[in-house]
Amino acid sequence: MKLISAIIKPHRLEAVREALTGIGVEGLTVTEVRGFGRQKGHTEIYRGAEYTVSFVPKIKIEVAVASKLEDQVVQTIREAAETGEIGDGKVFVVDLSSAMRIRTGETGEDAL
Amino acid sequence: MKLISAIIKPHRLEAVREALTGIGVEGLTVTEVRGFGRQKGHTEIYRGAEYTVSFVPKIKIEVAVASKLEDQVVQTIREAAETGEIGDGKVFVVDLSSAMRIRTGETGEDAL
Amino acid sequence: MKLISAIIKPHRLEAVREALTGIGVEGLTVTEVRGFGRQKGHTEIYRGAEYTVSFVPKIKIEVAVASKLEDQVVQTIREAAETGEIGDGKVFVVDLSSAMRIRTGETGEDAL
Amino acid sequence: MSGIANRSAVPFGLTLSTLFVAFFSVFLLAEPALAAEAVVNGADTAWILTATALVLFMTLPGLALFYGGLVRSKNVLSVLMHCFAIACLASVLWLVVVYSLAFGDGGSLQSWIGGLNNAFFAGIGAGQVRADTTLPESVFFAFQMTFAIITPALIVGAFVERMKFGAVLLFSALWLILVYAPVAHWVWGGGWLAGLGVKDFAGGLVVHATAGTSAVVLVLVLGKRHGFPQDMHPPHSPGMVMMGAAMLWVGWFGFNAGSALTAGAGAGMALLVTHTSAATASLVWMTIEWVKGGKPSLVGMVTGTIAGLATITPASGFVGPVGALVIGLAAGIVCYGAVSLIRVRLKIDDSLDVFAVHGVGGILGTLLTAIFGAASLGGMGLGEKVGIGDQLWVQAVGVIATVAWSVVLTFVIAKAVGGIVGLRVDERDETEGLDLTAHGETGYNL
Amino acid sequence: MSGIANRSAVPFGLTLSTLFVAFFSVFLLAEPALAAEAVVNGADTAWILTATALVLFMTLPGLALFYGGLVRSKNVLSVLMHCFAIACLASVLWLVVVYSLAFGDGGSLQSWIGGLNNAFFAGIGAGQVRADTTLPESVFFAFQMTFAIITPALIVGAFVERMKFGAVLLFSALWLILVYAPVAHWVWGGGWLAGLGVKDFAGGLVVHATAGTSAVVLVLVLGKRHGFPQDMHPPHSPGMVMMGAAMLWVGWFGFNAGSALTAGAGAGMALLVTHTSAATASLVWMTIEWVKGGKPSLVGMVTGTIAGLATITPASGFVGPVGALVIGLAAGIVCYGAVSLIRVRLKIDDSLDVFAVHGVGGILGTLLTAIFGAASLGGMGLGEKVGIGDQLWVQAVGVIATVAWSVVLTFVIAKAVGGIVGLRVDERDETEGLDLTAHGETGYNL
Amino acid sequence: MSGIANRSAVPFGLTLSTLFVAFFSVFLLAEPALAAEAVVNGADTAWILTATALVLFMTLPGLALFYGGLVRSKNVLSVLMHCFAIACLASVLWLVVVYSLAFGDGGSLQSWIGGLNNAFFAGIGAGQVRADTTLPESVFFAFQMTFAIITPALIVGAFVERMKFGAVLLFSALWLILVYAPVAHWVWGGGWLAGLGVKDFAGGLVVHATAGTSAVVLVLVLGKRHGFPQDMHPPHSPGMVMMGAAMLWVGWFGFNAGSALTAGAGAGMALLVTHTSAATASLVWMTIEWVKGGKPSLVGMVTGTIAGLATITPASGFVGPVGALVIGLAAGIVCYGAVSLIRVRLKIDDSLDVFAVHGVGGILGTLLTAIFGAASLGGMGLGEKVGIGDQLWVQAVGVIATVAWSVVLTFVIAKAVGGIVGLRVDERDETEGLDLTAHGETGYNL
Ligand SMILES: Nc1ncnc2c1ncn2[C@@H]1O[C@H](COP(=O)(O)OP(=O)(O)O)[C@@H](O)[C@H]1O
Ligand SMILES: Nc1ncnc2c1ncn2[C@@H]1O[C@H](COP(=O)(O)OP(=O)(O)O)[C@@H](O)[C@H]1O
Ligand SMILES: Nc1ncnc2c1ncn2[C@@H]1O[C@H](COP(=O)(O)OP(=O)(O)O)[C@@H](O)[C@H]1O
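Here goes a summary of the coordinates provided. (Residues numbered from 1 in each chain as written. Chains lettered and ligands numbered in written order. Predicted model: local features only at pLDDT ≥ 70, side-chain atom pairs only at ≥ 80, totals over all residues. Heavy atoms only, no water.)

Check the secondary structure of chain A and you find two helices and seven strands. Ordering the α and β elements of chain A from the N terminus gives β-α-β-β-β-β-α-β-β. In terms of overall dimensions, chain A is more spread out than a globule: its C-alpha atoms have a radius of gyration of 17 Å, far above the 13 Å expected for 112 residues. In terms of its C-alpha atoms, chain A occupies a principal-axis envelope of roughly 60 × 30 × 20 Å. Counting only residues that meet the buried cut, chain A has 54% of its 112 residues in that class. Taking contacts inside chain A between residues at least 6 apart in sequence as the whole, the part at least 24 apart equals 74%. Element-wise, carbon and sulfur atoms account for 48% of the exposed surface of chain A, whose accessible area totals about 4500 Å². (Helix = DSSP H or I, 4+ residues; strand = E, 2+ residues; numbered from the N terminus. Rg over C-alpha atoms; globule rule 2.2 N^0.38 Å. Buried < 20%, exposed > 50% of the residue type's maximum accessible area, 1.4 Å probe, protein only. Contact = heavy atoms within 4.5 Å. Areas by Shrake-Rupley, 256 points an atom, 1.4 Å probe, with all protein chains shown as cover.)

Now the structure itself:
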């Protein structure tokens, strides 16, 4: 199993969620994060002084999936999240050594 | 070492933390997240229009533990987090390739 | 590739970001989390009753880097985040099985 | 108003049909039955119009914010909703029947309750002057209405985070009719306590003692919040609490100085002593926390403010500034002790300390009125040949009667409402929070 | 004021040079041309000074918070900014020219528009009494100014989350001069609608019908928010909405009871009926939501409040308390229906329902004034030999004229502003939110 | 009051025993020594009661929110606490001694300071009329008290996020006695500046110049915030800032128009010019930001509002509306420049710009009063044979005396407080935030 994390632009969340639902993903977890990267933050002015806010609001989506679905899920996320502009974000994948559904105690792919 | 992530219902956090402390876990990190899954979100009505909020508030607990403790920790989380209702959440485990305690520079299991 | 997560004190964030930028890290993602560990929370008094807040505000930094940079990045984080006091936090490293830049579709180390 | 007001009517006896007649009578009898002899004083009217706005401001948004900030964020909207809905409901009921019960002519029952002659504002000409005042009756009516709005809203603090919304409304409506109306009539409407000489300038008994006592009784029927007292949470927004307290303070100028019903030295002194007591009690509470725990808190300080305000309320027309200093001191110490006793020691989940602050404060102030109202102690004087002891006894009778009536009636109403619609939400809703489960909204979508 | 006021001036004809002369004339003509014969009444002045503060409070911060809480958190500051900036701009314009256009002497054009004689407060002595009142003209001027502040600010609710800041200011300035000034003149400044006998006590036509109608026209020119209606979000802070609504309610006492311009029974009754309608409409809206969806919401309830307040506004000096109950009932039902019709069914993105609440409420109240103003229905009477039908016709003429003028002029202004500076921000800014992109700030840095 | 008031008492000489006697004298001497000849005017009283509520509202919650929103979220409660605690402390001190020092009879020292004759409200009958007014002395006392509340609270903006709570209280208490009381006496209590003919209608010198100047001196003693200026953060809640500013604006009507002490044309004009200056300065600040940085901000705009209000304050009873336009314009430009100079260029960490806005504004307005107060420039006139130049000189003397006294005394007090309890929290507490470390609370538990 794989745990796929995607850092995306906040306003793409709904599109990504719909796209993933469309290919049969049944669950995912979302975190509000702040990103630092090529896309620069912004400057706020407060009474004549400048404040640089280096971080940009982003959304992190985490989806655990069976390994064979990895490519499809990554592609789906990419398509839904892409705007073509700097700051579109990343997809990271790590191996999941085990998974369990708390309610039933099911493990492995049944838990997803 | 293993990094165990559990997505649980927010009101179970205190119970899980106490249970983990009970079996000797000394540290953990908590994040407020939103989940999408079998448990459906809710509908809010605003002046005659319906808004569907697809996401449900969840808590993510991350605990890094020695590999030999994995099963015990996962079981403990499960017992404390379970309510038997849809939406109780998941436990995911990934391998931790290294760990370090910032204060002392200790690494490996000593860092946990 | 490695995915390095550091749990640090909130007021060290700026220092860590600058130190990482200094060694050429071009991106990172930050999450506000709450930590439980040796550093104790605090007690609030409300009209004669005590409330124990067990959790301490922390910041989680996630950086994906080429494997060969792991040590340097971990050390850099450590140096910038350390205050020498309990609660300075941890650095955890997991293997990253793949990465992709959403904007371009680049994968592997090019995506970072 | 012959034929409309049923002079022997008591609350339980008021029938829908009587109200129905009253409702339409205003269309039929636009001419006031009684010619107004007295004249309106413009200055007094200007001040009481203002005071009316100030007292409404105490509840909306003052009290709502004060209470809303003290609960958890998942229940904040429900608290605001309770205060707002009660305010609306009390306003309509005031017009329909409660004003008449409190201030109308009770005929042979005048010692106990007013009549129905002024239900739906019937029998009151648009320009009519309220007896014994220099105000148009519409202004007196509206000013008193704002008191009837805040009193049941005060009780909200007792039952937050667990009571059914329908039960909140039904309880408040019945309480207003069965507790507030009679006690207001006894003290201010020419009833038996007024006859005895009970002094309650702005509502130590009518407002604070009734609400505070009823709060604790309701809690005993309703039960504690799930997890109380071991698993509680600090106020979700102390800043919101402070904002509400500040608005209450400002609005209280209307409450107490408005109760003079004239724009003169009496109002001025009432304002001054109100302010002095509030400031003193705030500093006292702050100091106690500082000495005991090392950290004076914002929520603590503003709780002291409200204690000082509630306590001076009955006394505010009768004492001088130095009396107010002492009353503020007493308010801070006694109410702090009462909070620790009731919620912390006795573990009664009067969640936001309605009894300890308002009930205790109102009663304390009512008794201290007898002392610091004496001319020899800087007060305005207790009246010819009335000693402090005499007045203290009269005040005590007022307290006992008010408390006893509130306890018994609230118990009956709470049981009745519990039987009809049920008092509590189920545990799952309580856990998830009332905002979402009862009102379909979330407090903060940041 | 010879030589200064250009008596034939109409808005389009006012030239900068005329204003320039007016500006300096106040230095030259410090002595008022006209000796004040009437006397100031202190009590009335005290009340209207207070009412002025209350009505300013309605906009700042009341309306700003009411609207700000309804949008998404990324646009909250832009909404506050719109309300605040419009308030400032309207204040300055009021002094420069709008007061004079609304309440100045229009000479031969008096039926249509005031003159420029009072531009920059020229020709008004510091102690001068406003004609037909007992108030210093400075007080009358300031009180009326607060109405000119809130009216364009009401329109903000229509165009939130997408309109350019520059366009907001330009639109509001032109609208104030071209829509507000003439309509205020027609109804309150001695213009043709006043001559016809149109009754609009506190602005059902002048304030609510103009703002509401213009709101919907502006939206049709401006277009919907990106994602409307399928992808909308609930209010980001219902508590902020409630706080704003409560402040509006309290401030409305100044709005309606202040419109009596005296501190007497007329103000008292206006306050009472205002309050009654607000409370009733709130309960009605709550009940409809409860019955339909199972969950009465805080935002719903306070929307009812505003509907009740807007609807009673034109009637508030003419009806009695029972009339107010019926008006509140009608307001709740009709405005609820209007919201569902306009935004939900017709999918017109009048984002915060300015037309459905203010426009519909103002028009409804203007018509109901003819009915419940009748003495036979508990009102203050429609005047000698004026039947309900007669008055209804006159009121309808007022509505039609106001709506027609607002529609046409708003359309022209919106098109003009669109041509000059462009109405909308680009889509990327709309997506990122106006707070950051237009004002360089973020709402919550918690 | 023989034997009680020590006519030669100066602040340093006031002994606890004297106060002790004064405290008990109110019980012994309930009968006022002086029969009140003048009569209370109800309308004036109604207005000043209202104004008192408005000015309290400026501090609680207005100023507290204005300042609270500007700091980081970890210090928001500490700022609210500072404002609230100072308000309470100032209220009690006002009663104990400060009113008497400012407005009591100073006997042979009358030019410099009042006496102790009115300590604890001693020697003032409940119905007594304040000399030279038509108000009960209780009302005059309370109204002036609200000025003594806000003035030390203004200084909070200078030392936020780093000063010890105990030091805040001690500093404020000493400052009120040693700076505020004498300057208020000089200007308003019949002291030497009043004798010179200094014009300060509502506190350009007494309130804004004292607070502003003291703010910057205190900062120089206290030191900068850790990380200033390189590592600063934008305001944590611009919406809270705006809410506070709006309340300050509304409350300022009480401040300035209340300072007329009567409900007449003087109050009306004061209200109007106050409003005009506020609106103008807001637009000016907005425009400067727009032109310079491309993005007009909410915080910037409302800072302009406060600058406009502070600047018009001394002038508000003396100038006309067009003068107010010019004063507002000057306020916006000069205060904007002052902010940039002091905090941005000179890097003096007067954190929330108390000096640049209040100090500079108050001084500027005091000087401009001499110009736009002239009848030839639309003002109310400077008096018989007083030219603009003459008055300007008098005003300058007032400014110099006020500034000099404030600088010297504040320096001494700050050093003394530093020696006794220490001024600053330690760095760790500063980093963690004062809410938790000093008050044991957190601002937002969402
Ligand atoms: N090496 C990295 N490790 C973790 N997160 C990263 C890394 N690089 C970028 N990110 C995240 O991805 C987001 C987008 O990256 P950025 O460099 O701005 O644009 P792009 O994705 O177009 O290359 C960043 O805001 C950050 O949250
Ligand atoms: N495949 C997944 N990847 C990541 N998180 C998931 C996944 N499936 C579920 N979750 C998380 O677990 C939560 C609970 O899942 P849900 O399907 O609602 O109920 P249950 O745990 O009872 O099966 C979700 O809200 C989501 O946060
Ligand atoms: N086993 C663990 N798993 C996950 N997070 C941990 C673990 N132990 C500690 N942490 C995180 O590191 C933070 C610091 O740990 P703590 O024990 O307080 O101090 P120190 O890092 O000095 O040992 C904690 O607040 C928590 O967020």
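Structure's up, so let's keep going.
A few words now on the relation of the copies chain A and chain B. With an RMSD of 0.0 Å, chain A superimposes on chain B once it is rotated by 120° and translated 0.0 Å along the axis. The transformation relating the two chain copies, once decomposed into turn and shift, fits a three-fold axis. Taken together, the interface assignments show that only 17% of the residues at the interface of chain A recur at the interface of chain B, consistent with different surfaces on the two copies. (Least-squares fit on C-alpha atoms with pLDDT ≥ 70 in both.)

Quick look at the site of ligand 2 now. Close contacts around ligand 2 come from 21 residues, with T29, R101 and R103 of chain A together with R38 and G87 of chain B the closest. Each of chains A and B places residues near ligand 2. A distance of 2.8 Å is found between an oxygen atom of ligand 2 and a side-chain nitrogen or oxygen belonging to T29 of chain A. Within the side chain of K90 of chain B, an N or O atom sits 3.4 Å from an oxygen atom of ligand 2. For ligand 2, whose accessible area on its own is 550 Å², the fraction buried by protein is 99%. Elements represented by at least two residues in the shell around ligand 2 include exactly β2 (28–36) and β5 (56–65) of chain A together with β2 (28–36) and β6 (90–95) of chain B. Among the elements that make up the shell around ligand 2, the one with the highest residue count is β5 of chain A (three residues). Residue composition of the shell around ligand 2, grouped by class: seven nonpolar, seven polar and seven charged. (Near = heavy atom within 4 Å. Polar contact = N/O pair within 3.5 Å; in protein donor to acceptor, adjacent residues only side chain to side chain. Nonpolar A, V, L, I, M, F, W, Y, C, P; charged D, E, K, R; others polar.)

What follows is about a nonpolar patch on the surface. On the surface, V407, V408, F411 and V412 of chain D cluster together into a nonpolar patch covering about 320 Å² of accessible area. Along the chain, V412 of chain D falls in helix α13 (residues 388–420). (Patch = residues over 30% accessible without salt bridge, like charges linked within 9 Å, V, L, I, M, F, W, Y side chains within 5 Å. Salt bridge = Lys/Arg side-chain N within 4 Å of Asp/Glu carboxyl O.)

Under the criterion given, the structure shown has 57 salt bridges over all chains. The salt bridge partner of E32 of chain C is R34 of chain A, with a shortest N-O separation of 3.5 Å. Here E32 of chain C is found in strand β2 (residues 28–36), whereas its partner R34 of chain A is found in strand β2 on a different chain. Here D353 of chain F and R47 of chain A are joined by a salt bridge, their closest N and O atoms 2.8 Å apart. One end of the pair, D353 of chain F, is in the loop between α11 (321–345) and α12 (354–372); the other, R47 of chain A, is in the loop between β3 (42–46) and β4 (49–53), on a second chain. When salt bridges that share partners are traced, they join R72, E161, R162, R225 and D349 of chain D into one network.

Rotating chain E by 120° and moving it 0.0 Å along the rotation axis overlays it on chain D with an RMSD of 0.0 Å. Mapped onto chain D, only 15% of the interface residues of chain E again fall at the interface, so the copies present different surfaces.

Below, the discussion takes up the interface of chain E and chain D. Every contact between the two is made by 54 residues of chain E and, on the other side, 55 residues of chain D. In total, chain E and chain D occlude about 4300 Å² of area from one another, counting both sides; carbon and sulfur atoms represent 83% of this. Taken together, the links from chain E to chain D amount to zero salt bridges. Inspection of the region where chain E meets chain D yields eight residue pairs in polar contact (both at pLDDT 80 or more). Residue composition of the side of chain E that touches chain D, grouped by class: 38 nonpolar, 15 polar and one charged. (Buried area = accessible area lost by both parts, 1.4 Å probe.)

Right, let's talk about the arrangement of the chains for a bit. Here chain A and chain D are not in contact; the least distance found between their C-alpha atoms is 11 Å. At the C-alpha level, the nearest point of chain C lies 11 Å from chain E, with no contact between them.

One pass over the structure, following the stated rule, counts zero disulfides over all chains. Sulfur of C335 of chain E: no disulfide; nearest cysteine sulfur belongs to C88 of chain D and is 15 Å away. Not engaged in a disulfide, the cysteine C88 of chain F finds its nearest cysteine sulfur in C83 of chain F; these two sulfurs lie 11 Å apart. C88 of chain F sits in the buried class, given a relative accessible area of 0%. (Disulfide = S-S within 2.5 Å.)

Let us now look at the packing of α12 of chain F against helix α13 (residues 388–420) of chain F. Residues and elements named next belong to chain F. Two elements in contact, α12 and α13, have axes separated by 7 Å at closest approach and are oriented at 160°. As judged from the angle between their axes, α12 and α13 are roughly antiparallel. Handedness of the α12/α13 crossing: right-handed. Two secondary-structure elements touch here, α12 through I363, T366, L367, T369, A370 and I371 and α13 through I388, Q391, L392, Q395, A396, V399 and V403. Counted by class, the contact of α12 with α13 contains nine nonpolar, four polar and no charged residues. (Axes fitted to C-alpha atoms, helices over the stretch in contact; angles between N-to-C directions. Parallel < 35°, antiparallel > 145°, perpendicular 65-115°, else oblique. Left-handed = near helix turned anticlockwise from the far one by under 90°.)

Bringing unusual backbone geometry into the picture now. A cis amide bond, omega 0°, links F228 of chain D with the succeeding residue P229 of chain D. Unlike most non-glycine residues, D353 of chain E shows phi in positive territory, near 60°. One non-glycine residue, K385 of chain F, adopts positive backbone phi at about 60°. Checked against the element boundaries, K385 of chain F lands in the loop between α12 and α13. Taking relative accessible area as the criterion, K385 of chain F reaches 81% and is therefore assigned exposed.

Let us now look at the pairing of β2 of chain A. When you tally the buried positions in β2 of chain A, you get seven out of nine residues, the bulk of the element. Strand direction decides the pairing type here: β2 of chain A and β2 of chain B, joined by three bridges, are antiparallel. Along β2 of chain B, the bridge assignment pairs V30 of chain A with R34 of chain B. Relative to β5 of chain A, β2 of chain A is paired through seven bridges, and the arrangement is antiparallel. Residue R34 of chain A lies in a different strand from β5 of chain A, and its bridge partner there is P57 of chain A. (Pairing = 2+ DSSP bridges.)

This paragraph deals with the packing of helix α8 (residues 238–258) of chain D against helix α10 (residues 298–312) of chain D. Residue and element names in this part refer to chain D. Between α8 and α10, whose axes approach to 9 Å, the crossing angle comes to 15°. Accordingly, the angle class assigned to the pair α8 and α10 is roughly parallel. Where α8 crosses over α10, the handedness of that crossing is left-handed. Residues P238, V241, M242, A245, L248, W249, W252 and N256 of α8 touch α10, and the partners they reach there are L298, V299, V302, T305, I306, L309, A310 and I312. Class assignment for the residues of the contact of α8 with α10 results in 14 nonpolar, two polar and no charged.

Okay, the site of ligand 3 next. Taken together, 21 residues lie around ligand 3, and T29, R101 and R103 of chain B together with R38 and G87 of chain C are the ones closest in. Note that an oxygen atom of ligand 3 is positioned 2.8 Å from one of the side-chain N or O atoms of R103 of chain B. Measuring from an oxygen atom of ligand 3, one finds a backbone N or O atom of Q39 of chain C at 2.9 Å. Out of a free accessible area of 550 Å², ligand 3 has 99% covered by protein chains. Looking at the shell around ligand 3, the elements that each hand over two or more residues are β2 and β5 (56–65) of chain B together with β2 and β6 (90–95) of chain C. In terms of residue class, the shell around ligand 3 is made up of seven nonpolar, seven polar and seven charged.

All names here are of chain D. The terminal C-alpha atoms of helix α9 (residues 265–293) lie 42 Å apart, and with 29 residues this matches the ideal 42 Å at 1.5 Å per residue to within 8%. In terms of residue burial, α9 counts as a mostly covered element, since 23 of its 29 residues are buried. Following α9 by one or two positions, G294 adopts a phi angle in the positive range, close to 90°. (Expected span 1.5 Å × (residues − 1).)

Let us now look at the environment of H226 of chain D. Residue and element names in this part refer to chain D. Structurally, the position occupied by H226 is in the loop between α7 (204–222) and α8. Sequence separation between H226 and T431 is 205 residues, and the spatial gap between their C-alpha atoms is 8.1 Å. Those residues in contact with H226 that lie beyond four places of it in its chain are M232, R424, E427 and E430. Side chain to side chain, H226 and E427 meet in a polar contact 3.2 Å long.

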